[in-house]
Amino acid sequence: MTGANEWCQLAKDLKVKFQGVEDGLPTDHYLWLTGQGRKMLRGEVPLKSSWPAR
């Protein structure tokens, strides 16, 4: 490695395709779900016993 920033390449340059954990879910699903949990804990949205709808 000659340059300090050579290790940092764009995913498209590396031909990497990001996959979700489960088929049919967006790749950011669990990040979104965590945000919904934060809103519930802060009282911004009501607590539910079921999964929130996206």
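Preceding block: the structure.
> For helix 2 (residues 29-41), give the residues involved together with the corresponding values.
Between its first and last C-alpha atoms helix 2 spans 19 Å; for 13 residues at 1.5 Å apiece the expected length is 18 Å, and the two agree. The set of residues buried in helix 2 consists of His29, Trp32, Leu33, Gly35, Gln36 and Met40. Buried residues in helix 2, looked at end-on, bunch into an arc of 155°, giving them a common side. Exposed residues lying more than 90 degrees from the buried face of helix 2 are Leu31, Thr34 and Leu41.

> I'd like to hear about the side chain of Gln36, residue by residue, with values.
Here Gln36 lies in helix 2. Residues within four places of Gln36 in sequence aside, it is in contact with Val45 and Pro52.

> Mind laying out the pattern of salt bridges, listing which residues take part and the relevant values?
Applying the stated criterion across every chain yields a total of two salt bridges. Asp28 is the salt-bridge partner of Arg54, the closest N and O atoms lying 3.1 Å from each other. Linking Arg54 in the segment after helix 2 with Asp28 in the loop between helix 1 (11-14) and helix 2, this pair joins segments that are 26 residues apart in sequence. Residue class for Arg54 comes out exposed when judged on its relative accessible area of 52%. Exposure remark for Asp28: the relative accessible area of 34% places this residue in the partly exposed category. Across the pair Arg42 and Glu44 runs a salt bridge whose closest N-O atoms are separated by 3.9 Å. Since its relative accessible area comes to 56%, Arg42 is described here as exposed.

Rules used in this analysis
Residues numbered from 1 in each chain as written. Predicted model: local features only at pLDDT ≥ 70, side-chain atom pairs only at ≥ 80, totals over all residues. Heavy atoms only, no water. Helix = DSSP H or I, 4+ residues; strand = E, 2+ residues; numbered from the N terminus. Expected span 1.5 Å × (residues − 1). Buried < 20%, exposed > 50% of the residue type's maximum accessible area, 1.4 Å probe, protein only. Arc of directions from axis to C-beta. Contact = heavy atoms within 4.5 Å. Salt bridge = Lys/Arg side-chain N within 4 Å of Asp/Glu carboxyl O.

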